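Now for the letters of each chain:
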Amino acid sequence: MSGVIVAMRRTLLSCTSLARNGLIALGVAPWLPAAPAHASELPFIQSIVTWLDLDHQEFVILATALALLGFSVVSAILLMRTRVRAAANEARLRSDIGDLQVQADRLRALLFAEPQILIAWAAGDNRPQISGDTSLLLAQDSPQRILAFGSWLPPEPALQMDHAVDALREAGEGFLINLTTSNGQALEAMGRAIGGQAIVRIRELGGLRRELAETNLRYKALSEETEMLRGFAAAAPWPIWAKGAKGGLSYANAAYAQATEAVSVADAIDRRLELLDSDDRGAMDRALKEASGFTARLPIVVGGERRIYDVRAMNVGNGSAGIAIDASEATALRAALERMAEAHRRTLDQLSSGVAVFDGQRRLAFYNDSYRRLWDLDRAFLDSNPDDSSVLDRLRAARKVPEQPDFRAWKARLHEAYRAVEPEKDTWYLPDGRAVSVVTTPNPEGGVTYLFDDVTESLDLARRFDGLIRVQRETLDNLAEAVAVFGSNGRAQLFNPAFARMWKLSPEALREQPHIETFEAWCKPLFDDEATWRTIREAITAIENRVEVPLKLERNDGSVLDCMTMPLPDGATMLTFQDITDTENVERALRERNEALETADQMKVDFVHHVSYELRSPLTTIIGFAHFLADPVTGPLMPKQAEYLGYITASTNALLAIINNILDLATIDAGAMSLNLGSIDIRKTIEAAAEGIQDRLATDRIELKVDVDPSIGSFTGDERRVVQVLYNLLANAVGFSPQDATVGLSARRTEHSVVFSVTDSGPGIPPDVKDKVFDWFESHSNGSKHRGAGLGLSLVRSFVELHGGKVSVDSIVGRGTTVTCDFPIDQAAHRHAAE
C-alpha cells in the first residue's frame, strides 16, 4: 500500500510539473490560484490529502492537477485560438495535451479507485453531474433516481440529506453524514463547496473507516450520555458522591455539599467532608470490600435535623459511587401504616363479623377471633397460614359448608374471586340450620378478603317482619274503618280499600302518593270545611306538639265520620275515619228520647208535688174535724159513729203520711231539702222509731229484738230524718214478716261511721226486683200480706245519701232480707268533701 502511495506521489509530481510548464507556455500561469496556507481550508481536498498522506508540497501538486483537469477544455480552446500564432509550438503542445490527458485519466483512476459517487452542481445550474460507481446505490443509474433519496434511504435519513444538500447549494454549508440504506448498507455522505461548485461525495463505509465512524458515534453518544448523567447528578436533590481507589472523595453534587454544610462542591471535595459517621462509613467500606454493593437505611443529621436516608453504594471501576435518598417521609408513612394496620387489626378483632384475608398465594394472612369462633377452628391450624383449599376442606369435613353435589366445582367457583374485579355476595345455608352471609372482596395487591356474618337471626326476623307486614296489610285491607298513613313530607304512603271507598277515590290515584293538599282538593266536594282541613294538615306536617286530634266530620251527603289523627314514631301520621252515621242517628234519637223522658219525669214530679200540696190542705181540714168530732166537748157519738170516725182518722193519717213522704222525696229531688244537723243519741233514736210501730207489732204478734252496745254513744245528723229512716225500715220489715216472727234491729259503731241493720224473716227479694226496690212507687208483696205505696225504701235511700251515707240490701229468697244503712260520723268532713 505504501508503494502505491509513493507511485501516486511521483505521478502527481510529474503531472504537476508538466501542467505547470504547459500553463506557463500557454500564458495562463498567472491565473492559477495561490496555494492555500493550510490544507484544512479545502475540506474535500483535505480528505484526499489525509487519505494519501501528502505533505504541503504534494498537496499543492494535487490541487494543481485537479485545477488542470478543470481547465483542460479551456486550454484546448485557447490552443485553437492561438494555433496561428503558435504554429511552431503546435507539435509540442499536442504532445503536452496528450500528457495532460494521460495525467487526468490517472487522477480520475486514482479518485475512483474505490466505489463512490460524485455529484456536482455548477453555480446557477440545477442539473447535477454524476460520476462514479452508481451500482453502489442499488443500481440507481439515473440522476433522478439517485437524487430521490427516499428511494434508497429510510424517511428520516432521506429528509436529513435533502436539508443538507439544500443548505450546501444555497449557502455553501458543508456536511458529513453517516447513512444506512434501506437494506442496511452503511454509507458516508460528504458535501463541500469547491471552485464555485457544490460537490457531494457518497461512498461506502467499510473496514477500518466503518469501525472508526462507529467508534466516533459511540464516543459522541457516550459523551452526550456522560454530560446528561453529570447534569442529572448535579441537579438531583439527593446527595451523590464518588470516591477514588484510595477512598478519597473525587466527586460530589450540590445536594451532597448542602447536606455536609460545605460552601460549595469544591469545598466539600477539598475538605473531604463525609456524609456518614465513622461507624456507618466503616460498615460501608467493609461491605464494598466483601461485595460489590452496600445498601442500608441510616440516620443522617442534615441541617441540624436527624433524618432517615436509604444509602446505596457500589464499586465502580477502581473506586466507588453512592447515593443517599431521603426516606424520612417513607419511614414515617411506613410507621403510620403499621400503626394503622395494627389499629385495623384490633378493630377487626372487635367486630362480630368473621374476617379472613388470604394473600396472592391463597394462604391465610389474617383472621379475627370472630372468624375462629364462627367456624370453631383450631388456633394453631389458623396460625400455620393454611391455604384457602385446606380451610374449605376442613370445614367440609366438619359439615360447616353448604352441602354440594360437586364440591370441587363449587370450590372452583368460589376461588374465582381471586381473578375477579368486583366484590361478590352470597349466602351459605349450613347443614346445622345456620345461614351465613359471605362477601368476597378481591384485594388490590392480590388475594381475597372474606367477610362472614351469621344472618340466621336476621333472616328469621326478616321472615317474621315480612309475615307481620302481610298480616298488617291484610288486617288493614279488611278493616271497616278507613285508614291512611301520610309521611312527614305530607304524601300518602299507605291506605286501605275502605279509605278509597269512603272518599270515593281511585286506588290508582292514591298509589301515586298524592300530597295532603291534593287529597283535600279531591275530598272537598264531600266535605268543605276549611278549619277542619287546616287542623288535619297541621297534624300531618307539624314538627312539634304532635298529639292525637279527634274530629267529627259531617259531610255534604249526610254521613257523619269520626276522624282521628294519630302521630307515628317515624314522623308519619295515621288518619282513621269511621262512619258513625247510624250511631249518630241512634244517639240523636236516644238523646231526644232522654230529653223527652226527663221532661216527662219532671212533669210527673211537678204534678205529684202539686197534687200532694193541693191534697194536703183539705186532708188537714178533714183530720182536724175528725179530731174535733172525737172530742167529748162536741157531744157524745153513737158507737157506730165512733167506729166510722176511727176509720176516717186512720185513713187520713195514712194518707197524710204518704203525702208527706211524696213531698219529702220531691223536695230532695229538687235539691231544696236541708238537714237540721245535731248530735243524735243512737239508743234514743232507736227507741223513738220502735215506739211508732208498737201497735203493728202487737197486732201481728211480731217480736222486735234490738241489739245495741250500751256505750255506742252518738253521732252528728238530722235526728228527725234518722228516726224516719229507721221507722220506714222497721215498718217495711214488719209488713213482710209473717205473724209470730221476729224482726231484728242492730247498731254498731266503726271508726268512721254508724251502721244500722234491720233484718226480717219474710219471703226475700227476687234478683229481678232487687234493683228496683229503691224506685218510687215500686211495691212488690212477694207473697206477703204487705201492701204499700212503694215510697218507704226510696225515702230511706234519699235520707241516708243526703247524710253522705249508703244503703245496701242483702236478701235470700225464702229466708228474709237485711237492709243496712251506713251513716258517716263526721258530717263536717262529708260536707267539705262534697263541696
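Keep in mind that this is a model prediction, so the values were computed, not measured.

Draft legend 1. View of the overall build of the protein chain. Secondary structure summary: the protein chain contains 29 helices and 27 strands in total. Counting the 835 residues in the protein chain, one finds 37% classified as buried. Residue pairs in contact within the protein chain that sit at least 24 positions apart in sequence constitute 49% of those at least 6 positions apart. As displayed, the protein chain has an accessible area near 49,000 Å², and 53% of this comes from carbon and sulfur atoms.

Draft legend 2. Structural view of the sheet that holds strand β27 (residues 816–824). Strand order across the open sheet formed by five strands is β22-β24-β25-β27-β26, with mixed pairing between neighbours. Unpaired on one side and paired on the other, β22 (703–708) and β26 (806–812) mark the two borders of the sheet. Adjacent strand axes in the sheet meet at a mean angle of 15 degrees when their direction is disregarded. Pairing of β26 with β27, which is carried by seven bridges, proceeds in the antiparallel orientation. For Ser-808, the partnering residue across the bridge sits in β27 and is Thr-820.

Draft legend 3. Molecular detail of the packing of aromatic side chains. Tallying each qualifying case throughout the model produces 20 aromatic pairs. Consider the rings of Trp-375 and Trp-428, whose centres lie 6.1 Å apart with planes at 50 degrees: the pair is tilted. Of this pair, Trp-375 sits in helix α13 (residues 369–375) while Trp-428 sits in strand β13 (residues 424–429); the two residues are 53 residues apart in sequence, bridging distant segments of the chain. Residue classification places Trp-375 among the buried positions, given a relative accessible area of 1%. Each ring, one from Trp-503 and one from Phe-577, has its centre 5.4 Å from the other, and the planes form 80 degrees; the classification is edge-to-face. Taken together, the positions of Trp-503 in the loop between α18 (497–502) and α19 (507–510) and Phe-577 in strand β20 (residues 573–579) put the pair 74 residues apart, joining distant regions of the chain.

Draft legend 4. View of the pattern of salt bridges. Applying the stated criterion to the full structure yields 24 salt bridges. Linking Arg-271 and Asp-267 is a salt bridge whose minimum nitrogen-to-oxygen distance equals 2.9 Å. Of this pair, Arg-271 and Asp-267 both sit in helix α10 (residues 265–271), four residues apart, which is roughly one turn of the helix. One salt bridge connects Asp-432 with Arg-434, and the closest N-O pair in it is separated by 2.9 Å. When salt bridges with common partners are traced through the structure, they connect Asp-369, Arg-372, Arg-373 and Arg-379 into a single cluster.

Draft legend 5. How the structure looks around the side chain of Thr-817. Tracing the chain through its elements places Thr-817 in strand β27. In contact with Thr-817, not counting residues within four places along its chain, are Val-758, Thr-759, Asp-760, Gly-764, Ile-765, Val-809, Asp-810 and Ser-811.

Draft legend 6. Up close: the nonpolar core. Counting residues in hydrophobic clusters, the biggest one holds 37 residues, and the most contacted among them are Phe-715 and Phe-756. Going through the elements one at a time, α24 (682–691), α26 (719–736), β24 (742–749), β25 (753–760), α28 (792–802), β26 and β27 are the ones with two or more residues in this core. Broken down by element, the residue count for this core peaks at nine residues, all from α26. What Phe-756 contacts, discounting residues up to four positions off in sequence, is Ile-682, Ile-686, Phe-715, Leu-726, Ser-746, Ala-747, Val-819, Thr-820, Cys-821 and Phe-823.

Draft legend 7. Region of interest: the environment of Trp-375. On a C-alpha basis, the gap between Trp-375 and Phe-452 in space is 9.9 Å, while along the polypeptide they are 77 residues apart. Here Trp-375 is in contact with Leu-395, Lys-400, Trp-428, Leu-430, Arg-434, Val-436 and Phe-452, once residues within four sequence places are set aside.

Draft legend 8. Broad picture of unusual backbone geometry. The backbone phi angle of Glu-261 is positive, close to 60 degrees, even though this residue is not glycine. Mapped onto the elements of the fold, Glu-261 is located in the loop between α9 (254–259) and α10.

Draft legend 9. Up close: the sheet that holds strand β18 (residues 549–554). Spatially, the five strands line up as an open sheet ordered β17-β16-β20-β19-β18, and their pairing is antiparallel. The open sheet has two free edges, formed respectively by β17 (492–495) and β18, since each of these has just one partner strand. Averaged over all pairs of adjacent strands, the angle between strand axes in this sheet comes to 20 degrees, irrespective of strand direction. Summarising the sheet, strand β16 (residues 482–486) and β17 pair through three bridges and their orientation is antiparallel. Across the sheet, Val-485 pairs through a bridge with Leu-494, a residue of β17.

Draft legend 10. Region of the structure containing the packing of α24 against α26. Axis separation between α24 and α26 bottoms out at 8 Å; the angle between their running directions is 50 degrees. Looking at the two axes, α24 sits oblique to α26. Our pair here, α24 against α26, has a crossing hand that is right-handed. Along its contact with α24, which presents Thr-685, Ile-686, Ala-688, Ala-689 and Ala-690, the element α26 presents Glu-719, Val-722, Val-723, Leu-726, Tyr-727 and Leu-730. Classifying every residue of the contact of α24 with α26 by side-chain character gives nine nonpolar, one polar and one charged.

Draft legend 11. Examining a nonpolar patch on the surface more closely. Together, Phe-625, Phe-628, Leu-629 and Leu-637 make up a nonpolar patch on the protein surface, roughly 400 Å² of accessible area in all. Take Phe-628: it is sitting in helix α22 (residues 581–630).

Draft legend 12. Spotlight on α24. Turning to α24, its buried residues number three or more, namely Ile-682, Thr-685, Ile-686, Ala-689 and Ala-690. Across the axial projection of α24, the buried residues extend over an arc of 130 degrees, all falling on one side. Facing away from the buried surface of α24 by more than 90 degrees, the exposed residues are Lys-684 and Glu-691. The distance from a side-chain oxygen at the start of α24 to the backbone nitrogen of Arg-683 is 3.2 Å, and the residue carrying that oxygen is Asp-681.

Draft legend 13. Fine view of the pairing of β27. Across the nine residues of β27, seven count as buried, placing the element largely inside the fold. Pairing analysis gives eight bridges linking β25 to β27, with the strands arranged antiparallel. By the bridge assignment, Phe-756 is partnered in β27 with Cys-821. Here β26 folds back onto β27, and the loop between the two strands holds three residues, one of which, Gly-814, carries a positive phi near 90 degrees.

The rules behind these values
- Sequence order sets the numbering: in each chain, residues are counted from 1 along the sequence as written.
- In keeping with the model being predicted, local features are shown solely for residues with a pLDDT of at least 70 and side-chain atom pairs are shown and tallied solely at 80 or more, while totals for entire chains, interfaces and linings include all residues.
- The basis for every side-chain value is the complete set of heavy atoms in the structure, and neither hydrogens nor water enter the calculation.
- Think of it this way: any DSSP run of H or I at least four residues long counts as a helix, any run of E at least two long counts as a strand, and we number them from the N terminus.
- Working definition: with a 1.4 Å probe on protein chains only, accessible area under 20% of the residue-type maximum means buried, over 50% means exposed, and in between means partly exposed.
- Contacts were defined at the residue level, with two residues in contact if any of their heavy atoms lie within 4.5 Å.
- In these tables, accessible area is a Shrake-Rupley quantity obtained with a 1.4 Å probe, and a residue counts as shielded only by the protein chains included in the view.
- Pairing between two strands requires that DSSP report at least two bridges joining them.
- Each axis is a line fitted through C-alpha atoms, taken for helices only over the stretch in contact, and angles between the N-to-C directions span 0 to 180 degrees.
- We call Phe, Tyr and Trp rings a pair once their centres come within 6.5 Å, taking the six-membered ring for Trp, and we label the pair stacked below 30 degrees between planes, edge-to-face above 60, and tilted otherwise.
- The salt bridge definition used is simple: a Lys or Arg side-chain nitrogen within 4 Å of an Asp or Glu carboxyl oxygen.
- For this analysis, a nonpolar core means a set of buried residues of the types Ala, Val, Leu, Ile, Met, Phe, Trp, Tyr and Cys, connected via side-chain atoms within 4.5 Å.
- For classification, angles of less than 35 degrees are called roughly parallel, those exceeding 145 degrees roughly antiparallel, those between 65 and 115 degrees roughly perpendicular, and all remaining angles oblique.
- Crossing handedness follows the turn of the near helix against the far one: under a right angle anticlockwise gives a left-handed crossing, and clockwise gives a right-handed one.
- Each residue is assigned to one class: nonpolar for Ala, Val, Leu, Ile, Met, Phe, Trp, Tyr, Cys and Pro, charged for Asp, Glu, Lys and Arg, and polar for all the others, Gly among them.
- Patches were defined on residues exceeding 30% relative accessible area and lacking a salt bridge, with like-charge contacts within 9 Å and nonpolar side-chain contacts (Val, Leu, Ile, Met, Phe, Trp, Tyr) within 5 Å.
- For this quantity, the arc is that covered by the directions from the helix axis to the C-beta atoms.
- Polar contacts, as counted here, are pairs of nitrogen or oxygen atoms within 3.5 Å of one another; within protein the pair requires one atom able to donate a hydrogen and one able to accept it, and residues that are adjacent in sequence qualify only if both atoms are side-chain atoms.

Nothing here speaks to function; it is geometry throughout.
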